[in-house]
Amino acid sequence: MPLSWNNEDMASDRMVVGLCRLDLIIPASPNLKGKRQVIKSLVTRVRNNFNISVSEVGKHDKWQRALLGLSLVGNDRKFVDRVLSKAIDFIQASGAITIVDQEREIINY
């Protein structure tokens, strides 16, 4: 049986998507292998601590640079924004990297 939606259902059920792209410098990375170790460790810690999706999405061939993508889905805009902010602060505080640029967007569906 197909799902049917009415306007009343859609008004009470909302989805909030938080997206973030971080441009990183990894100054202590001597080569691509060192970069992969730093990024893999950081991605694992962010996933475990914040339960969000994280992936290296660019600058794969640059040994001292990385582009990370973060995403989170929830039903409360303030919660999604707060979790993304805490994850970004955690990444910055890791000490192994420097965030040189970030783009964030929170979308209501």
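Residues numbered from 1 in each chain as written. Predicted model: local features only at pLDDT ≥ 70, side-chain atom pairs only at ≥ 80, totals over all residues. Heavy atoms only, no water.

A. Local environment of the environment of Lys-78. Mapped onto the fold, Lys-78 is located in helix H3 (residues 77–93). Linking Lys-78 and Ile-106, residues 28 residues apart in sequence, is a C-alpha distance of 9.7 Å. (Helix = DSSP H or I, 4+ residues; strand = E, 2+ residues; numbered from the N terminus.)

B. Seen up close, the sheet that holds strand S4 (residues 98–108). Strand order in this open sheet of four strands is S2-S3-S1-S4, and the pairing throughout is antiparallel. The sheet is open, and its two edges are formed by strand S2 (53–58) and S4, each paired on a single side. Going from strand to strand, the sheet's axes swing by 20° on average, the running direction of each strand aside. The pairing of strand S1 (residues 16–25) with strand S3 (residues 65–74) spans 10 bridges and is classified as antiparallel. Bridging across to S3, Val-17 finds its partner in Val-73. Against the sheet, helix H2 (residues 32–50) touches S1, S2 and S3, its axis set at about 15° to S3. In the packing of H3 onto the sheet, contacts are made with S1, S3 and S4, and the angle to S4 comes to roughly 170°. (Pairing = 2+ DSSP bridges. Axes fitted to C-alpha atoms, helices over the stretch in contact; angles between N-to-C directions. Contact = heavy atoms within 4.5 Å.)

C. How the structure looks around a nonpolar patch on the surface. Together, Met-15, Val-73 and Tyr-109 give the surface a local cluster of nonpolar side chains, amounting to about 340 Å² of exposed area. The topology assignment puts Met-15 in the loop between helix H1 (7–12) and S1. (Patch = residues over 30% accessible without salt bridge, like charges linked within 9 Å, V, L, I, M, F, W, Y side chains within 5 Å. Areas by Shrake-Rupley, 256 points an atom, 1.4 Å probe, with all protein chains shown as cover. Salt bridge = Lys/Arg side-chain N within 4 Å of Asp/Glu carboxyl O.)

D. Inspection of the environment of Gly-69 at higher detail. Looking at the element boundaries, Gly-69 is found in strand S3. Separated by 26 residues in the primary sequence, Gly-69 and Val-43 have C-alpha atoms spaced 10.0 Å apart. The residues touching Gly-69, leaving out its near neighbours within four places in the chain, are Cys-20, Ser-53, Val-54, Ser-55 and Val-57.

E. Here's a closer look at the confidence of the model for the protein. Within the protein, residue pLDDT values average 89, and 89% of them lie at 70 or more. Ranking the helices and strands of the protein by mean pLDDT puts S1 first, with 97, and H1 last, with 53. (pLDDT = per-residue confidence, 0-100.)

F. Examining the side chain of Asp-23 more closely. Checked against the element boundaries, Asp-23 lands in strand S1. Non-local contacts of Asp-23, meaning those with residues more than four positions away in its chain, are made with Lys-59, Arg-65, Ala-66, Leu-67, Thr-98, Ile-99, Val-100 and Asp-101.

G. Up close: the pairing of S1. Of all 10 residues making up S1, seven are buried, and the element is well covered by its neighbours. Relative to S4, S1 is paired through 10 bridges, and the arrangement is antiparallel. Within S4, the position partnered with Cys-20 by the bridge is Arg-104. (Buried < 20%, exposed > 50% of the residue type's maximum accessible area, 1.4 Å probe, protein only.)

H. Structural view of the side chain of Lys-35. Here Lys-35 lies in helix H2. Apart from residues no more than four positions distant in its own chain, Lys-35 is found in contact with Ile-26, Ser-29, Glu-56, Lys-59, His-60, Lys-62, Trp-63, Arg-65 and Ala-66.

I. Molecular detail of the nonpolar core. Judged by nonpolar contacts, the single largest core of 25 residues is most densely connected at Leu-22, Leu-24, Val-46, Ile-52, Leu-68, Leu-70 and Ile-91. Of all the secondary-structure elements, those providing two or more residues to this core are S1, H2, S3, H3 and S4. In terms of residue count, H3 provides more of this core than any other element does, six residues in total. (Core = buried A, V, L, I, M, F, W, Y, C linked by side-chain atoms within 4.5 Å.)

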